[in-house]
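# Structural features, examined
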Amino acid sequence: MKRVVLMALVGVLVLAGRAVAQPVGTLENLRDKTAITDQDRQQIRTWVTMMANNLATNNDADRRGMIAARDAIIAEGRKEGRSAAYYQAFGEEAIQALKAAEKKAVGQDARVNLFTAVAELRRVEGIELLRTALEKDPYPAARYWAAKGLSMVADAVIEKNTPRLEADIADSIAKIIDAETSPVMLLWLFDALGRFDHEKAHDVLADAAAKAVTRVSVADPIASQVADGIIRSLEKAYMREVRPEAKTRILSAFAVLCASILPPKKNEPEPLLISLNAALEKITGEKVGFVATDDGVMQKLALLEWVEKFVREKKIPKRPSLPPAVEDALKDIVGGPGGALTP
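Residues numbered from 1 in each chain as written. Predicted model: local features only at pLDDT ≥ 70, side-chain atom pairs only at ≥ 80, totals over all residues. Heavy atoms only, no water.

## Some thoughts on the confidence of the model for the chain
It should be kept in mind that the predicted coordinates are not to be read in detail where pLDDT is low. What counts, and what does not: pLDDT expresses how confident the predictor is about each individual residue, on a scale running from 0 to 100. Two residues form a contact once any of their heavy atoms are found within 4.5 Å.
Of the residues in the chain, 85% have a pLDDT of 70 or more, and the chain-wide mean is 88. Confidence drops under pLDDT 50 across residues 10-24; counting only partners more than four residues distant or on other chains, this segment forms 24 contacts. Note on residues 334-343: pLDDT is under 50 here. Beyond four places in sequence and across chains, it has 16 contacts.

See below:
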């Protein structure tokens, strides 16, 4: 899956490099206007509809027109150098045009470029399109841009103080994240969840984190970024939660991370283990004897003490399963299956 996504993205970038022809027409005369009239809005609508249709249906062999239309929409929709009135009007019209054009975008190139444009516009009006693509689009690269787009629009959602949209985004992520194994997808999905303070986002984050960390190897650099982001997001969620059951759920996710993240093969400190311990010390105000300069094996044993502490103090309902590699290592270190850590 990751290879498919990355190859599609590389193809888009190559095509973008070839897109030297610029679409005709301009909205330059409207960009500084502090009030947008109906006539102005019609001018915007005509321009962006033409661009969106060209993006969705252009059949040039090298997709030059498609890429040029995509880039023109993104450039026109940026906030810098635009009046607030123009920025708002253009964003609304652009999303409406892209929504209409989406029905005509039937091939992978068209759909990837269309959702790239929706994502890069960073408009709350585009969230419905991005959610639908994340849940249902047949092309992995289009779903990638939907995931990235939901992360990119998070700041606008927070700025507008719209808890319903936070819950809606979390709900869409919950529908697909359990089956998702691509680290590049997980990176953006967890980034989006980690930005929100809605109860739904916290619950989805905790449940998904506990599952995702057992499916990826942090030896992969992108998967390592995913795990680091999960640690920071869980820390923030725990500190802001007031529901006892939510705190238990988050601590249970932390326990799975403690059990599942493996130290490096070499006897050296592991940054992820250090970050994980630091987060636990911060949210609990306690310590378990973790030493940042110890080798990875000793750090791992200290993290397993966190798990035992949570179980002993009834802060989590049960001890998570240990990966076979950890079980085997513990046999060698302390003797017996799970050693002293198994009752």
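## Section: the packing of helix α3 (residues 64-76) against helix α5 (residues 108-121)
Counted only if it meets this: In this description, a line fitted to the C-alpha atoms serves as the axis of each element, helices being fitted only across the stretch in contact, and the angle between N-to-C directions of two axes falls anywhere from 0 to 180 degrees. Counting from the N terminus, the helices are DSSP H or I runs at least four residues long and the strands are E runs at least two residues long. Roughly parallel here means an angle under 35 degrees, roughly antiparallel means over 145, roughly perpendicular means 65 to 115, and every remaining angle is called oblique.
The N-to-C vectors of α3 and α5 enclose an angle of 10°; their axes lie 9 Å apart at closest approach. Classified by the angle their axes make, α3 and α5 are roughly parallel. Together, M66, I67, R70, I73 and I74 of α3 and D109, A110, N113, T116, A117, E120 and L121 of α5 make up the contact between the two elements.

## Some points on the nonpolar core
Among soluble globular proteins, nonpolar side chains are generally buried collectively. Selection rule: By nonpolar core we mean a set of buried residues, namely Ala, Val, Leu, Ile, Met, Phe, Trp, Tyr and Cys, connected to one another through side-chain atoms within 4.5 Å. Each residue is assigned to one of three classes by its accessible area relative to the maximum for its type, calculated with a 1.4 Å probe on protein chains only: buried under 20%, partly exposed between the two thresholds, exposed over 50%.
The biggest cluster of nonpolar side chains holds 102 residues, and the ones touching the most others in it are F190, L234 and F254. For F254, the residues in contact, after removing those within four places along its chain, are I231, L234, E235, L276, A279, L280 and I283.

## Side note on helix α2 (residues 38-57)
Put simply, the rule reads: Helix span, expected: 1.5 Å multiplied by one less than the number of residues in the helix. The arc refers to the directions leading from the helix axis to the C-beta atoms.
Across its 20 residues, α2 extends 28 Å between first and last C-alpha, which sits within 8% of the 28 Å expected from 1.5 Å per residue. Listed as buried for α2 are D40, I44, W47, V48, M51, A52, L55 and A56. Buried residues of α2, seen end-on, are gathered within an arc of 160° and therefore sit on one face of the element. Along α2, exposed side chains directed more than 90 degrees from the buried face belong to D38 and Q39. If you follow the buried residues of α2, they end up packed against α3, α4 (84-102) and α5.

## Focus on the pattern of salt bridges
The test is simple: Whenever a carboxyl oxygen of Asp or Glu lies within 4 Å of a side-chain nitrogen of Lys or Arg, that contact is scored as a salt bridge.
Tallied over the entire structure, the rule returns 33 salt bridges. Across the pair E93 and R45 runs a salt bridge, and its minimum N-O distance is 2.9 Å. Taken together, the residues E93 in helix α4 and R45 in helix α2 connect sequence positions 48 residues apart. According to the relative accessible area criterion, E93 is buried, its value standing at 8%. The salt bridge involving R243 is made with E199; its shortest N-O contact spans 3.8 Å.

## What about the packing of aromatic side chains?
Each aromatic ring pair is described using two quantities: the centre-to-centre distance and the angle formed by the ring planes. Rule in force here: A pair of Phe, Tyr and Trp rings is counted when the ring centres sit within 6.5 Å of each other, with Trp represented by its six-membered ring. The angle between the planes then sorts it: under 30 degrees is stacked, over 60 is edge-to-face, the rest tilted. Only when the NZ atom of a Lys or the CZ atom of an Arg is both within 6 Å of the ring centre and within 35 degrees of the ring normal do we say a charge sits over the ring.
Using the criterion set out here, one finds four aromatic pairs in the structure. Note on Y86 and F90: the rings are 6.0 Å apart at their centroids and 25° apart in plane angle, and the pair reads as stacked. Note that Y86 and F90 are positioned in helix α4 at a spacing of four residues, about one turn of the helix. For the pair shown, Y86 and F90 are each scored as buried. Lying across the ring of Y87, R123 places its NZ or CZ 4.6 Å from the centre. Sitting over the ring of Y238, K247 keeps its end group 3.9 Å from the ring centre.

## Observations concerning the environment of K309
Put simply, the rule is: We call two N or O atoms a polar contact when they sit within 3.5 Å, provided that within protein one can donate a hydrogen and the other can accept it, with sequence-adjacent residues counted only if both atoms are side-chain atoms.
The topology assignment puts K309 in helix α15 (residues 296-312). Classification of K309 by relative accessible area gives buried; the value is 11%. Each C-alpha atom of the pair K309 and V288 lies 8.6 Å from the other, and the pair is 21 residues apart in sequence. With near-sequence residues (within four places) excluded, K309 lies in contact with E286 and V288. A distance of 2.7 Å separates polar atoms of two side chains, one belonging to K309 and the other to E286.

## Focus: unusual backbone geometry
Positioned with a positive phi, R122 is a non-glycine residue whose angle comes to about 55°. Accessibility expressed as a relative area gives 43% for R122, which makes it partly exposed. In this structure, K314 is a non-glycine residue whose phi angle is positive, near 60°. With respect to the helices, strands and loops of the structure, K314 is situated in the loop between α15 and α16 (324-334).

## Remarks on the packing of helix α10 (residues 183-195) against helix α11 (residues 199-212)
This is how it is decided: Crossings are sorted by hand: turned counterclockwise from the far helix by less than a right angle, the near helix makes the crossing left-handed, and turned clockwise it makes it right-handed. Charged residues are taken to be Asp, Glu, Lys and Arg, nonpolar residues to be Ala, Val, Leu, Ile, Met, Phe, Trp, Tyr, Cys and Pro, and polar residues to be all remaining types, Gly included.
Two elements in contact, α10 and α11, have axes whose closest approach is 9 Å; the angle formed by their N-to-C orientations is 150°. As judged from the angle between their axes, α10 and α11 are roughly antiparallel. Seen along the crossing, α10 lies across α11 with a hand that is left-handed. Only A201, V204, L205, A208, A209 and A212 of α11 make contact with α10, whose side of the interface consists of L186, F190 and L193. A breakdown of the residues in the contact of α10 with α11 according to their chemical character gives nine nonpolar, no polar and no charged.

## Comments concerning the side chain of T116
As for its placement among the helices and strands, T116 is situated in helix α5. Looking at T116, the relative accessible area reads 4%, which means it is buried. Sequence-distant contacts of T116, that is, excluding residues within four places in its chain, are made with R70, I74 and W145.

## Remarks on the side chain of Q299
One can find Q299 in helix α15. Of note is the side chain of Q299, whose polar atom sits 3.0 Å from the backbone oxygen of A292.

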